[in-house]
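What follows is the residue order along each chain.
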Amino acid sequence: MTRRTVLVAAGTSAVLAVGTAPAAPAAFAGPEARRADAVQQRLDQLVREDGFPGALASVRGADGRVRDYTAGVGDLRTGRPVPRNGHVRIGSNTKTFTAVVVLQLAGEGRIDLDATVERYLPGVVRGNGNDGSRITVRQLLQQTSGLPDYDDVLFTRPEDLVGLAHAYFEPRRLVDAALTKPPQFAPGSRWQYSNTNYVLAGLIVEEVTRRPVGEEITRRIIEPLGLRDTSWPGLGEQRLPDPHPHGYVATAPGAAWVDVTQMDPSLGWSAGQLISTPADLRTFFSALLDGRLLRPAEQAAMLRTVAAPGFEPAGDWQYGLGIARHPLPCGGDGWGHGGDIQGFETRNLATTDGRSVVVTVTALPTTEQMVTDVAGSVDAALCAIGR
């Protein structure tokens with residue numbers, strides 16, 4: 001699963017007693033310390049009240065000062081602490097990277113956003129009423145294509161989160177799985193999240209460049225921004241780089257957390273395969289909002305949004321081309337995406353005044369409230385550092 005998880009009403013009592021990391025560094029004083037403490041307190045609550053094994057965050061204030069936080073433990077078996085700025089799977093935040101590559105190619109005149117999927121991938125999107133000749137590249141990126149989500153075909157039970165953790169999926173297999181279902185709606189008529197859109201976007205990148213999409217993401221984004229801890233896993237690569245916390249899922253009501261740290265992320269591919277750290281991911285979104293990755297015309301296209309009902313359980317969300325906009329409770333807007341994959345959920349937002357926050361928890365949520373609380377911790381952190 002690359003953003004929307006299979007939510008199960010699993011009990012979390014087994015991890016409620018997990019301790020938390022030390023409070024904010026003593027070097028912070030006065031109002032600065034109180035702001036830092038507010039971020040730490042929200043992470044502590046995610047562990048103590050929601051039952052996540054661990055949490056980690058990276059925060060940048062408008063003054064440019066960066067702070068990293070942790071809570072809970074990084075390994076339930078050993079009790080080892082969560083590493084600061086550890087490597088995690090970032091799930092559907094990968095979509096924003098993929099969208100940037102597509103938009104860069106559009107700026108180079110190699111992709112037409114309003115051309116059809118059929119033009120670039122002849123015959124790939126056909127069957128059960130799905131028709132690539134009626135869907136544009138822009139609609140893929142904006143999640144308005146109407147295409148069904150392969151997650152809904154491949155992951156039908158909570159147990160699949162564990163049972164398919166080591167399965168390898170070729171990108172065309174993901175698309176073909178989705179096309180066993182009819183469209184959700186006519187292209188362009190509604191908004192609905194579908195991982196299939198971004199696997200097709202990755203296939204278009206490969207068709208146009210004649211190179212692997214992971215290589216293009218690395219060459220065009222990761223290397224220019226100096227994201228040393230961000231990587232596209234190689235074929236069959238199931239390990240996380242060190243240091244990293246362990247990641248967990250719960251598969252049934254009352255079940256214990258199951259360690260899924262080692263897993264094959266190919267189920268996400270260009271919709272959700274990347275590995276990163278909170279600091280690298282925060283740097284990426286800040287650079288994107290600063291206009292360092294796209295030309296003005298493509299930047300404007302990316303930030304042109306439509307209503308995105310259901311993108312998160314709570315709050316008002318608008319979706320652009322691989323990025324979402326959310327009004328903050330303290331005023332102004334945050335821009336980001338978020339991602340879920342076995343073992344990890346990440347939520348993140350950045351603002352145009354230089355603030356940015358990434359929060360990762362080391363297990364997939366098992367209730368809607370847990371999802372809401374993770375997203376709420378990002379809102380709270382952005383508002384705390386904005387005062």
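Residues numbered from 1 in each chain as written. Predicted model: local features only at pLDDT ≥ 70, side-chain atom pairs only at ≥ 80, totals over all residues. Heavy atoms only, no water.

**Quick word on the overall build of the protein**
Stated precisely, the cut-off is as follows: Secondary structure elements are defined from DSSP: runs of H or I of at least 4 residues count as helices, runs of E of at least 2 residues count as strands, and each element is numbered from the N terminus. Buried, partly exposed and exposed residues are distinguished by accessible area as a fraction of the type maximum, computed with a 1.4 Å probe on protein chains only: under 20%, between the cut-offs, and over 50%, respectively. Two residues qualify as a contact provided that any one of their heavy atoms is within 4.5 Å of a heavy atom in the partner residue. The accessible surface values rely on the Shrake-Rupley method and a 1.4 Å probe; as for residues, cover is taken only from the protein chains in view.
A count of helices and strands for the protein gives twelve helices and 15 strands. Expressed as a percentage of its 387 residues, the buried residues of the protein come to 61%. When contacts within the protein are restricted to residue pairs at least 6 apart in sequence, those whose partners lie at least 24 apart make up 71%. Carbon and sulfur atoms make up 49% of the accessible area of the protein, which totals about 14000 Å².

**With respect to the side chain of His244**
Going by this rule: Two N or O atoms form a polar contact when they lie within 3.5 Å of each other; inside protein one atom must be a possible hydrogen donor and the other a possible acceptor, and for residues adjacent in sequence the pair counts only when both atoms belong to side chains.
Its location among the elements puts His244 in the loop between helix 9 (213-222) and strand 6 (248-249). A distance of 3.1 Å separates a polar atom in the side chain of His244 from the backbone oxygen of Pro241. A polar atom in the side chain of His244 sits 3.1 Å from the side chain of Asp242. For His244, the residues in contact, after removing those within four places along its chain, are Arg80, Pro83, His87 and Thr261.

**Some thoughts on empty space enclosed by the protein**
Our working definition: Only protein atoms enter the 1 Å grid used here. Points where a 1.4 Å probe fits but cannot escape make up a cavity, open sets with protein on both sides within 12 Å along at least five of seven lines make up a pocket, and a residue lines them when an atom lies within 4 Å of a point. Grid points are joined across faces, edges and corners, and a volume is the space filled by probe spheres set on the points.
Summed over all chains, the structure comprises one cavity of 30 Å³ or more. In this structure, the largest cavity occupies an estimated 50 Å³ of space. Lining the largest cavity are ten residues; nearest its centre among them are Trp317, Arg347, Asn348, Leu349 and Ala375. Elements with a contribution of two residues or more to the lining of the largest cavity: strand 14 (344-350) and helix 12 (368-385).

**Observations regarding the packing of aromatic side chains**
As a reminder of what qualifies: Between the rings of Phe, Tyr and Trp (Trp by its six-membered ring), a pair exists once the centres lie within 6.5 Å; its type follows the angle of the planes, with under 30 degrees stacked, over 60 edge-to-face, and the other angles tilted.
The final tally for this structure, using the stated rule, is nine aromatic pairs. Relative to Trp317, the ring of Phe311 has its centre 5.3 Å away and its plane inclined at 50°; by these criteria the two rings are tilted. There is no split in this pair, since Phe311 and Trp317 are both buried.

**A word on the packing of helix 2 (residues 94-107) against helix 8 (residues 195-209)**
Rules: Think of each axis as a best-fit line through the C-alpha atoms, taken over the contacting stretch in the case of a helix, with angles from 0 to 180 degrees between the N-to-C directions. Roughly parallel means an angle under 35 degrees; roughly antiparallel, over 145; roughly perpendicular, 65 to 115; everything else is oblique. By definition, turning the near helix anticlockwise from the far helix through less than a right angle yields a left-handed crossing, and turning it clockwise yields a right-handed one. Under the grouping applied here, Gly and all other residues not named as nonpolar or charged are polar, the nonpolar ones being Ala, Val, Leu, Ile, Met, Phe, Trp, Tyr, Cys and Pro and the charged ones Asp, Glu, Lys and Arg.
Direction vectors running N to C along helix 2 and helix 8 enclose 40°, while the axes themselves pass 10 Å from each other. By the angle between their directions, the pair helix 2 and helix 8 is classed as oblique. When the axes of helix 2 and helix 8 are compared, the crossing they make is left-handed. Within the contact between the two elements, helix 2 uses Lys95, Thr98, Ala99, Val101, Val102 and Leu105 and helix 8 uses Asn195, Tyr198, Ala201, Gly202, Val205 and Thr209. Counted by class, the contact of helix 2 with helix 8 contains seven nonpolar, four polar and one charged residues.

**Describing the pattern of salt bridges**
Close approach of charged atoms lets side chains of opposite charge pair. Counted only if it meets this: Criterion for a salt bridge: a side-chain nitrogen of Lys or Arg within 4 Å of a carboxyl oxygen of Asp or Glu.
Scanning the model with the defined rule gives 14 salt bridges in all. Between Arg157 and Asp160 there is a salt bridge whose closest N-O contact spans 3.1 Å. A relative accessible area of 45% means that Arg157 is categorised as partly exposed. Overall, Asp160 belongs to the buried group, its relative accessible area being 9%. Salt-bridge contacts for Arg355 lead to Asp353; the nearest nitrogen and oxygen are separated by 3.1 Å. The buried category is assigned to Arg355, whose relative accessible area is 9%. Under the relative-accessibility criterion, Asp353 is labelled partly exposed at 42%. Several salt bridges share partner residues, and in doing so they unite Glu108, Arg110, Glu216, Arg219 and Arg220 into one network.

**Remarks on the confidence of the model for the protein**
Regions with low pLDDT carry predicted coordinates that are not meant to be interpreted in detail. For clarity, the cut-off: Note: pLDDT gives the predictor's confidence per residue, expressed from 0 to 100.
Taken over all residues, the pLDDT of the protein has a mean of 91, while the share at 70 or more is 90%. Contacts of residues 5-30 to residues separated by more than four positions or lying in other chains number 70 contacts, the stretch itself having pLDDT below 50.

**Things to note about the state of the cysteines**
Put simply, the rule reads: Only a pair of cysteine sulfur atoms within 2.5 Å qualifies as a disulfide here.
Evaluation of the coordinates by the stated rule reveals one disulfide. Between the sulfur atoms of Cys330 and its disulfide mate Cys383 the distance is 2.1 Å. Taking the sign of the S-S torsion, -85° for the link of Cys330 and Cys383, the bridge is left-handed. Of this pair, Cys330 sits in the loop between strand 11 (324-327) and strand 12 (333-336) while Cys383 sits in helix 12; the two residues are 53 residues apart in sequence, bridging distant segments of the chain.

**Some words on unusual backbone geometry**
In this structure, Pro243 follows Asp242 across a cis peptide bond, with omega equal to -5°. Mapped onto the secondary structure, Pro243 falls in the loop between helix 9 and strand 6. If you check the backbone angles, Asn128 has positive phi at about 55° while not being a glycine. When you line up the elements, Asn128 lands in the loop between strand 4 (126-127) and strand 5 (130-131). The class of Asn128 is partly exposed, set by a relative accessible area of 48%. A positive phi angle, near 65°, is found at Gln143, a position not held by glycine.

**Considering the nonpolar core**
Rules: Grouping buried Ala, Val, Leu, Ile, Met, Phe, Trp, Tyr and Cys residues that are joined through side-chain atoms within 4.5 Å yields what is termed a nonpolar core.
The biggest cluster of nonpolar side chains holds 112 residues, and the ones touching the most others in it are Phe97, Leu113, Leu200, Phe284 and Met302. Apart from residues lying up to four places away in sequence, Leu113 is in contact with Val102, Leu103, Ala106, Thr136, Val137, Arg138, Leu141, Ala301 and Leu321.

**Details of the environment of Tyr120**
The topology assignment puts Tyr120 in helix 3 (residues 117-120). In this structure, the C-alpha to C-alpha distance between Tyr120 and Glu206, residues 86 residues apart in sequence, is 9.9 Å. Residues within four places of Tyr120 in sequence aside, it is in contact with Arg110, Ile111, Asp112, Ala115, Val137, Ile204, Glu207 and Val208.

**Concerning the pairing of strand 12**
Looking along a regular strand, one sees side chains alternate from face to face of the sheet. Our working definition: Two strands are said to pair when DSSP picks up at least two bridges between them.
Pairing of strand 11 with strand 12 involves four bridges; the strand directions are antiparallel. Bridged to Ala324 within strand 12 is Gly336.

**Looking at helix 10 (residues 278-289)**
Stated precisely, the cut-off is as follows: What a helix should span is 1.5 Å times the count of its residues minus one.
Here helix 10 contains twelve residues, and its C-alpha end-to-end distance of 17 Å stays within 8% of the 16 Å for a straight helix at 1.5 Å per residue. Within helix 10, eleven of the twelve residues are buried, which leaves the element mostly enclosed by the surrounding structure. In the segment just after helix 10, Gly291 is the residue with positive phi, at about 80°.

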